Amino acid sequence: MLSSARWVVTDAVQAALQAGRAVVALESTIITHGLPRPINYEMAVAVEEQIRSKGAEPASIAVLDGRIHIGLTRSELARVSDSDPSHTVKVSRGGLAHVLAKGTGWVGGTTVSGTMALARRAGIKIFATGGIGGVHRGAESSMDISADLVELGRTPVAVFCSGAKSILDIPRTLEYLETQGVPVLTFHPEGQFPCFYTAASGCRVPTVASIEEAAHTIARNEELGLENGLVFGVPIPNEFESDGAIIQKAVEQAVQESKELGIDRQGKLVTPWLLKRVSQLAKHSVKSNVGLVLNNARYAAECAVALSGKPSSQVAYWNTPSPQIMVFGCAAMDITAQQRVDSPHSTSPGTIRFSTGGVAFNVARAAHAMLSSDTDVLLCAPCGEDVFGKTLVEEVTKASMRTDALVSAKKTAVCNLLLNAAGELVTGTADMDMVEQTMTPAMVAGQIRRHKPPVVCMDANMLPETLATALDACAFVRSIVLFEPTSVQKCGRLVEALTLQSHPKRVHFITPNQYELSILAKLVRTRLPHAPHPSLSNVQTLATRWELPPAWLQDALTTARLAHTQFIKLGSRGVLVVTHAQSEESPLILHMPANTLDPDQKMNSTGAGDNFLGAVLAKISNIPKKFEHWTLSDMVDLAHAGQQAAQRTLCSPEAVWRHA
């Protein structure tokens, strides 16, 4: 069991979340305050078994002895069911801190609001309950509106219920939810929103035709980065419908009695009193209540299973440290074809291999391989609802990497590469549009502000406006930023991003190759005309000494406007380091030759640059001093670590050398 000072997650729930399997959250107020004993315990066990029978894992949520429990054992369910009323409280979001502070001996039965807040923290997206709270009758004078409605407007958890409790004002409840921006849908074929004990309230909402449509709706809401919940109305089963009219009469009588006795003005005590009184007036109400809860749990479990089959299901990491490194950009399926004999304009015998790649994925995996903790590196990239996306999640999980920042997309990015007989890239086609569509400015900036990573790496598959917003977020949380130019077609997006910022500043690092360097230099000269003109007095001398084209050095000095330090990858000619580590005004430039390789060794250069950057990221995360105190020696050490990693992967068939 994974636990900490305030959190306890059962082994079964934790295992399901880490494996990406379906999990359904359950509230505990229905146990502590909703149903009479011992029916409350029998119902709690039956609901959990119903969820398991559909292939999902139940996660009953409660507060016990000052600790939040995600998932309850049978003995804990029994304790919650038979808790001392004097030491048992209903807990919405607003009451969580207080009941935790009470500590030993206290039981908190979580309401819809409290359960949603904790389920969201756990990474659980589906929640089953009987009915949500809502606007109470007479709320126009009492202002009695359930915290559940506010929670639904700010917490992205899908709630499966039989509508709002019938003791409430359902039309006003739906109006309030609309104001909060909460999608309210129903499984009723005629679009009727349920009225708890009856299938139809007389209020119409959009219809969901199937469990699959519900799962797709949840996925699309998440894909948009919206922070609201969703309500799915599940009509009470037909076998209980006949009792609905009788029970509703009892509801009306109970509501009237509450007004006459002044109970309607007693806040959170109102609902438990009404439900108890209804059960006294209509003996079948408890049976109907249990029946609809079981039915809602079935719908929720089936939807959770449908959703868990998609890559948007992510691992919940409880109490893990914030990542040291976040990598944003593209994760893709690489289809690599390598010819045995170079044969232009014709087919050729060779090999075709499928592997998981993409710049961001390769960089993240390379950095992860060089660090001891499985939680230090967090990849944020689109992951599609297709077989490639499933493979991506499997590969990330197999590598013991975190998956909690993978973003649901319509399809997974694919990169088709053609290598010659020497293993060098000839050409390729990259289908990466979903990165631009999915990695929105708000989503990326939100991830940065949430995790506050010390080091952030971005590839150029994201649009300039996303890069600009992400750079602002990094400045806000004081992250060190590395920009990987990615390709000659996209490398200029960094320059575009800087022009979009109100107060553009150099990023900390960029890692272009010589071709991307040329494009970047041209853009700096045309788009950033007021950039300081670098000193070119010794370019020719250095170029002759290092046997490099003078234009490379000249371009490198020009692009010094973009970054504090550049590691320019020159392939077999080594690395050019351009840095302001010794002076903010005048960049220093030095050349680090490539290591000697066996000429007979078969080479694979496709992942060398990504491994270079991954090693640099890992090395950066282990430098304890503040960036402004880094020296030229630190920059050389970083470049050396990158070169070593790149050399190792050159001799590997994999794009990322797994044992860095």
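Please read all numbers here as calculations on a predicted model, not as lab measurements. (Residues numbered from 1 in each chain as written. Predicted model: local features only at pLDDT ≥ 70, side-chain atom pairs only at ≥ 80, totals over all residues. Heavy atoms only, no water.)

Turning our eyes to something else, we now look at the packing of aromatic side chains. Applying the stated rule across the entire model yields ten aromatic pairs. With a centroid separation of 4.8 Å and an interplanar angle of 15 degrees, the aromatic rings of F160 and F232 are classed as stacked. Taken together, the residues span a long stretch of sequence, with F160 in strand 9 (residues 158-161) and F232 in strand 11 (residues 230-233) at a distance of 72 residues. Each member of the pair, F160 together with F232, is buried. Among the aromatic side chains, those forming a connected cluster through ring pairs are F509, F567, F612, F627 and W630. In this arrangement the basic side chain of K102 is found over the ring face of W106, its NZ or CZ atom lying 4.2 Å from the centre. Here the guanidinium or amino end of R121 rests over the ring plane of W7, the centre of that ring lying 5.6 Å away. (Phe/Tyr/Trp six-rings, centres within 6.5 Å; stacked < 30°, edge-to-face > 60°. Helix = DSSP H or I, 4+ residues; strand = E, 2+ residues; numbered from the N terminus. Buried < 20%, exposed > 50% of the residue type's maximum accessible area, 1.4 Å probe, protein only. Lys NZ or Arg CZ within 6 Å of the ring centre and 35° of its normal.)

So, on to the nonpolar core. Counting 99 residues, the largest nonpolar core has I70, I126, I132, F160 and F232 as its most contacted members. Examining the composition of this core, we find that eleven residues originate from one element, helix 14 (residues 285-308), more than from any other. Both domains that meet at this core, namely domain 1 (1-124) and domain 2 (126-237 + 293-314), each give it at least three residues. Residues in contact with I132, not counting those within four places in the same chain, are V112, D148, L149, L152, V159, C161, G163, A164, K165, L168, L177 and V231. Within the second largest apolar cluster, 45 residues are counted, among which are V359, L379, V393 and L590. (Core = buried A, V, L, I, M, F, W, Y, C linked by side-chain atoms within 4.5 Å. Domains from an automatic or database assignment. Contact = heavy atoms within 4.5 Å.)

With respect to the element layout, T179 can be found in helix 9 (residues 170-179). Taking the C-alpha atoms as reference, T179 lies 28 Å from S28; in sequence the two are 151 residues apart.

Of the two faces of strand 12 (residues 325-328), both are covered, the one formed by I325 and V327 as well as the one formed by M326 and F328. One ladder, built from four bridges, connects strand 12 with strand 15 (residues 377-380); its direction is parallel. Directly across from V327, in strand 15, lies its bridge partner L379. The pairing of strand 12 with strand 20 (residues 455-459) spans four bridges and is parallel. (Pairing = 2+ DSSP bridges.)

Turning next to the confidence of the model for the chain. Low-confidence regions, as indicated by low pLDDT, have predicted coordinates that should not be scrutinised in detail. In this model, the chain carries a mean pLDDT of 86, and residues with pLDDT of at least 70 account for 90%. Taking the mean pLDDT of every element in the chain, the minimum, 38, falls on strand 1 (residues 2-3) and the maximum, 98, on strand 22 (residues 507-510). In the predicted structure, residues 310-319 sits below a pLDDT of 50 and forms 49 contacts with residues beyond four places in sequence or in another chain. (pLDDT = per-residue confidence, 0-100.)

What follows concerns helix 22 (residues 539-546). Since the α-helix advances by 3.6 residues per turn, residues separated by three or four positions end up pointing in the same direction. Buried residues of helix 22: V539, L542, A543 and W546, and no others. One face of helix 22 carries all of its buried residues, which in axial projection span an arc of 100 degrees. For helix 22, the exposed residues lying more than 90 degrees away from the buried face are T544 and R545. Lining the buried residues of helix 22 we find helix 23 (550-558), strand 24 (575-579) and strand 25 (588-592). (Arc of directions from axis to C-beta.)

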